[in-house]
Amino acid sequence: MLLEDASILHDTEALARLFADGALVVQGDRSARGREEVTRLVASTWAAGRSHVAGEGRILQARDLALVVRADGISVLRRGADGSWRYAIVSKGEP
């Protein structure tokens, strides 16, 4: 829900906090690695009038890793030392 909130509000600071330092995002044929690149990639989809709204999915968790599987893509999240979950890998079809 935090990713949806940041996307709908176009809040780049909140978005950046949701991703691990070396995060990888793949959207169709485009990709970005690291918070700065990820933020720019996602912001470019906002500029095109798109925002992220997650569909139904399944979450599989093992200790500090979680796999989120949805019809439109998959994500891997990692829990940091501060207890916050951050995206490590996101792969989606075209936004």
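What counts and how
- Residues numbered from 1 in each chain as written.
- Predicted model: local features only at pLDDT ≥ 70, side-chain atom pairs only at ≥ 80, totals over all residues.
- Heavy atoms only, no water.
- Pairing = 2+ DSSP bridges.
- Helix = DSSP H or I, 4+ residues; strand = E, 2+ residues; numbered from the N terminus.
- Axes fitted to C-alpha atoms, helices over the stretch in contact; angles between N-to-C directions.
- Contact = heavy atoms within 4.5 Å.
- Buried < 20%, exposed > 50% of the residue type's maximum accessible area, 1.4 Å probe, protein only.
- Expected span 1.5 Å × (residues − 1).
- Arc of directions from axis to C-beta.

Chemist: Please clarify how the sheet that holds strand β4 (residues 65–70) should be interpreted in this entry.
Modeler: Within a sheet, neighbouring strands are paired by backbone hydrogen bonds and run either parallel or antiparallel to one another. The strand order β2-β1-β6-β5-β4-β3 describes an open sheet built from 6 strands, whose pairing is mixed. Two strands bound the open sheet, and with one partner strand each, they are β2 (30–33) and β3 (57–62). Pairwise comparison of adjacent strand axes, ignoring direction, gives a mean angle of 15 degrees for this sheet. As judged from the 7 bridges shared by strand β5 (residues 73–79) and strand β6 (residues 85–92), these two strands associate in the antiparallel manner. Directly across from Arg 79, in β6, lies its bridge partner Trp 85. In the packing of helix α3 (residues 35–47) onto the sheet, the strands contacted are β1 (19–27), β2 and β6, and the crossing angle to β1 comes to about 40 degrees.

Chemist: Would you mind going over unusual backbone geometry with me for this structure?
Modeler: In terms of backbone geometry, most residues other than glycine have negative phi values and most peptide bonds are trans. In the Ramachandran plot, His 10 falls in the positive-phi region, its phi being about 55 degrees despite a non-glycine side chain. Summarising the element assignment, His 10 is placed in the loop between α1 (2–9) and α2 (12–17). Overall, the relative accessible area of 43% leaves His 10 in the partly exposed class.

Chemist: Which parts of the structure should I look at to understand α3?
Modeler: Along an α-helix, residues three or four apart share an orientation, since each turn contains 3.6 residues. Across its 13 residues, α3 extends 18 Å between first and last C-alpha, which sits within 8% of the 18 Å expected from 1.5 Å per residue. Within the sequence span of α3, burial applies to Val 38, Thr 39, Leu 41, Val 42, Thr 45 and Trp 46. Down the axis of α3, the smallest arc covering the buried residues is 165 degrees, so these residues share one side. Looking at α3, the residues exposed on the side facing more than 90 degrees away from the buried face are Glu 36, Arg 40 and Ala 47. Residues of α3 that are buried make contact with α1, α2, β1 and β2. The first or second residue beyond α3 is Gly 49, which carries a positive phi of 85 degrees.

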